[in-house]
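Summary of the model geometry
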Amino acid sequence: MSEVRLDDRYYIRRALELARRAWGQTHPNPMVGAVIVEGNSVVAEGWHAAAGQDHAEVAALKMLGRRPAAGASLYVTLEPCSTCGRTGACTDAIIEAGFPRVVVGARDPNPAHAGRGLSILREAGIEVVEGVLAEACADLNLIFNHWIIHGMPLIAAKMALTLDGKFAAASGRAKWVTGAEARADVMRWRRYFPAIAVGAGTVLADDPSLTARIGDEIWCPRRLVLDRTLRTLEQEPLPKLYTDEYEHQTIVVCDAELSAEARAHAGRLGLQLWCLPKRGDYFDWDAFRRRCAAEGIFGVYVETGPRLATALLEEGLADYGFIYQAPKLMCDAASPGIGSLRNTQSMEAAIHLRDLRLESFGNDRLARGFFER
């Protein structure tokens, strides 16, 4: 087993910084960063900027513009690919470049490929060190990893709550549960996901734009309005999701049993509809996932209110959770919260978060991870 050097973590951290420069821009590919080190100096860097463009290792080699010096090391956040897709196999480029040592963060999540690239490099006589900051490297690509393993989009539920689990006051007023720093982090995750979904109640109450606003940049992902009966179309004036400059990015997800007249009304407004079958009192979530997959949407950030959060959690529909919590107490049973139907009888039956990550934003906390039941 090859040894981890003292500076290996430092250079993988730098590779992670590089990978994040393409935050939310590489779908369906992963974000990857690479660093070439000669002696104790970084001589070239690269990252995967978008699908179809150079992989991080190749980008770093192009920046170097020559063969690496004797004893050079390559640091990369994800196991180098060993198959030819739209670009060549990175293992071939690494071997041809003559690197004697390669340090890798996370393994390829694809069970069919995991470890194959590392074996190819080792068989070529290259020293391979793996698993350096592996958790951080894997966490970078939540959407890609889930898609590769499960073949379905990652459905993530975001909620902002008080300490006693309330979304809003009994009056319905919810601005703002969390502070500015936590809300800025929400913008960052909006930029990460290719689609954002909200329920009809949120659209009618808040008239959100669902764009990611980071500095001077405004980014609009696909916007999905979960509105079974098209009640958001009855609002006057229409919600800005249907009329702003990004209206072509908006899709209304409705009940397949809606009348032809209701669908025709949406058509006259120029709206895109996904008409999905119903399961129980809500959409058939499997049909929703399949439709997202067919449309090339590999991850959906669902900004929940109490009703939508309850449906997602009690029926096991969400894969991942972003739970922001503010140090506030409503102390009011009439304030809307999470859940009412699950009848959980013990702590063992509670919904847990695995691969948990905790972060602080001012006085607010974020707990995020995969839902485990």
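Details of the structure are given in the entry above.
Along each chain, the written sequence defines residue order, and numbers are assigned to residues from 1. In keeping with the predicted nature of the model, local features appear solely for residues at pLDDT of at least 70, side-chain atom pairs appear and are counted solely at 80 or more, and the whole-chain, interface and lining totals rest on all residues. Side-chain metrics rest on all non-hydrogen atoms present in the structure, leaving aside hydrogens and water.

1. Focus: empty space enclosed by the protein
Only protein atoms enter the calculation, which uses a 1 Å grid: trapped sets of points that fit a 1.4 Å probe without letting it out are cavities, open sets showing protein on both sides within 12 Å along at least five of seven lines are pockets, and any residue with an atom within 4 Å of a point is a lining residue. Grid points are joined across faces, edges and corners, and a volume is the space filled by probe spheres set on the points. Taken as a whole and judged by the stated rule, the model has 1 cavity of 30 Å³ or more. Roughly 40 Å³ of internal volume is contained in the largest cavity. Around the largest cavity, the lining residues are Thr26, His27, Asn29, Pro30, Met31, Asn141, Ile143, Phe144 and Tyr192. Each residue gets one of three labels, nonpolar for Ala, Val, Leu, Ile, Met, Phe, Trp, Tyr, Cys and Pro, charged for Asp, Glu, Lys and Arg, and polar for the others, Gly among them. Class assignment of the residues belonging to the lining of the largest cavity gives a composition of 5 nonpolar, 4 polar and no charged.

2. A closer look at the nonpolar core
A general trend in soluble globular proteins is that nonpolar side chains are found buried together. The biggest cluster of nonpolar side chains holds 72 residues, and the ones touching the most others in it are Phe99, Val102, Trp189, Phe193, Phe322 and Tyr324. Here a helix means four or more residues in a row that DSSP labels H or I, a strand means two or more in a row labelled E, and each is numbered from the N terminus. The greatest single-element share of this core, amounting to 6 residues, is contributed by helix H1 (residues 8-19). The contact criterion used throughout is that any non-hydrogen atoms of two residues lie within 4.5 Å. Apart from the residues within four sequence positions on either side, Phe99 is in contact with Ile36, Leu61, Pro68, Ala72, Ser73, Leu74, Ile94 and Ile126. The criterion is simple. A nonpolar core is a set of buried Ala, Val, Leu, Ile, Met, Phe, Trp, Tyr and Cys residues joined through side-chain atoms within 4.5 Å. Here the term buried applies to any residue with accessible area under 20% of the maximum for its type, exposed to any over 50%, and partly exposed to those in between, with areas from a 1.4 Å probe on protein chains only. Ranked by size, the runner-up nonpolar core spans 28 residues in total, among them Met159, Phe288, Cys292 and Leu312.

3. Things to note about the side chain of Thr178
With respect to the helices and strands, Thr178 occurs in the loop between strand E6 (154-162) and helix H7 (180-192). If we skip the residues at most four places from it in the chain, Thr178 touches Ala160, Arg183, Tyr324, Ala326 and Asp364.

4. Let's talk about helix H10 (residues 285-294)
Those residues of H10 that sit buried are Trp285, Ala287, Phe288, Arg289, Cys292 and Ala293. Capping the start of H10 is the job of one residue whose side-chain oxygen sits 3.0 Å from the backbone nitrogen of Asp286: Asp284. Any pair of nitrogen or oxygen atoms within 3.5 Å is treated as a polar contact; in protein, a donor-acceptor pairing is required on top of that, and neighbouring residues in sequence qualify only through side-chain atoms on both sides.

5. Things to note about the packing of helix H2 (residues 56-64) against helix H3 (residues 90-97)
Between N-to-C directions, angles span 0 to 180 degrees; the directions come from axes that are lines fitted to C-alpha atoms, helices contributing only their stretch in contact. The N-to-C vectors of H2 and H3 enclose an angle of 35 degrees; their axes lie 9 Å apart at closest approach. Between H2 and H3 the crossing geometry is left-handed. Counted together, Glu57, Val58 and Leu61 of H2 and Cys90, Ala93, Ile94 and Ala97 of H3 form the full contact between these two elements. Here the contact of H2 with H3 is built from residues that sort into 6 nonpolar, no polar and 1 charged. A crossing counts as left-handed when the near helix is turned anticlockwise from the far one by less than a right angle, and as right-handed when that turn is clockwise.

6. As for the sheet that holds strand E4 (residues 101-106)
Here, strands pair whenever DSSP counts at least two bridges between them. Ordered in space as E2-E1-E3-E4-E5, the 5 strands form an open sheet in which the pairing is mixed. Every interior strand has two partners, whereas the edge strands, strand E2 (41-47) and strand E5 (127-129), have only one. Geometrically, the sheet is characterised by an average inter-axis angle of 20 degrees between neighbouring strands, direction not taken into account. Both E4 and E5 contribute to a ladder of 3 bridges, which runs parallel. Paired with Val102 across the two strands is Val128, which belongs to E5. Each of strand E1 (33-38), E2, strand E3 (73-78), E4 and E5 touches H1; the most contacted strand, E1, lies at about 140 degrees to it.

7. Observations regarding the pattern of salt bridges
Any two side chains of opposite charge can pair, on the condition that their charged atoms come close. Put simply, a salt bridge is a Lys or Arg side-chain nitrogen that is within 4 Å of an Asp or Glu carboxyl oxygen. Following the criterion strictly, the structure yields 23 salt bridges and no others. A salt bridge links Glu130 to Arg107; the shortest N-O distance between them is 2.8 Å. Taken as a pair, Glu130 in the loop between E5 and helix H5 (134-139) and Arg107 in the loop between E4 and helix H4 (116-123) lie far apart in primary sequence, 23 residues in all. Taking relative accessible area as the criterion, Arg107 reaches 42% and is therefore assigned partly exposed. A salt bridge links Glu372 to Arg354; the nearest nitrogen and oxygen atoms lie 3.8 Å apart. Taken together, the residues span a long stretch of sequence, with Glu372 in strand E18 (residues 364-372) and Arg354 in strand E17 (residues 352-361) at a distance of 18 residues. With relative accessibility at 40%, the residue Glu372 sits in the partly exposed group.

8. Some points on the environment of Gly71
Turning to its location among the elements, Gly71 is positioned in the loop between H2 and E3. Relative accessible area serves as the criterion here: at 52%, Gly71 is assigned to the exposed category.

9. What about the side chain of Ser82?
By the secondary structure assignment, Ser82 is in the loop between E3 and H3. A relative accessible area of 14% means that Ser82 is categorised as buried. Here Arg116 takes part through its side chain, which lies 2.9 Å from a polar atom of the side chain of Ser82. Sequence-distant contacts of Ser82, defined by excluding residues within four places in its chain, comprise Ala89, Thr91, Arg116, Gly117 and Ile120.

10. Some remarks on the layout of surface pockets
By volume, the largest pocket amounts to about 1,100 Å³. Looking at the largest pocket, it is lined by 41 residues, and the ones nearest its centre are Thr202, Asp206, Glu303, Thr304 and Gly305. Counting only elements with at least two residues in the lining of the largest pocket, the list comes to E6, H7, strand E7 (195-199), helix H8 (200-206), strand E14 (282-283) and helix H11 (306-314). The residue makeup of the lining of the largest pocket, split by class, is 21 nonpolar, 9 polar and 11 charged.

11. Description of the sheet that holds E6
Ordered by their spatial adjacency, 9 strands build an open sheet running E12-E11-E10-E7-E15-E6-E16-E18-E17, and the pairing between neighbours is mixed. A single partner strand is all that each edge strand has here, and the edge strands are strand E12 (272-276) and E17. Across the sheet, the mean angle from the axis of one strand to that of its neighbour is 25 degrees, orientation sign disregarded. As paired strands, E7 and strand E15 (residues 299-303) are joined by 4 bridges and run parallel to one another. The residue bridging Val198 from the neighbouring strand is Glu303, located in E15.

12. Quick notes on the packing of H3 against H4
Interhelical geometry of H3 versus H4 gives an angle of 20 degrees and a closest axis separation of 10 Å. One finds that H3 runs roughly parallel with respect to H4. As H3 runs across H4, the sense of the crossing is right-handed. Residues Thr91, Ile94 and Ile95 of H3 form the contact with H4, whose participating residues are Gly117, Ile120 and Leu121. Of the residues assigned to the contact of H3 with H4, the class counts are 4 nonpolar, 2 polar and no charged. Each angle receives one of four descriptions, namely roughly parallel if under 35 degrees, roughly antiparallel if over 145, roughly perpendicular if within 65 to 115, and oblique otherwise.

These figures come from the coordinates and say nothing about function on their own.
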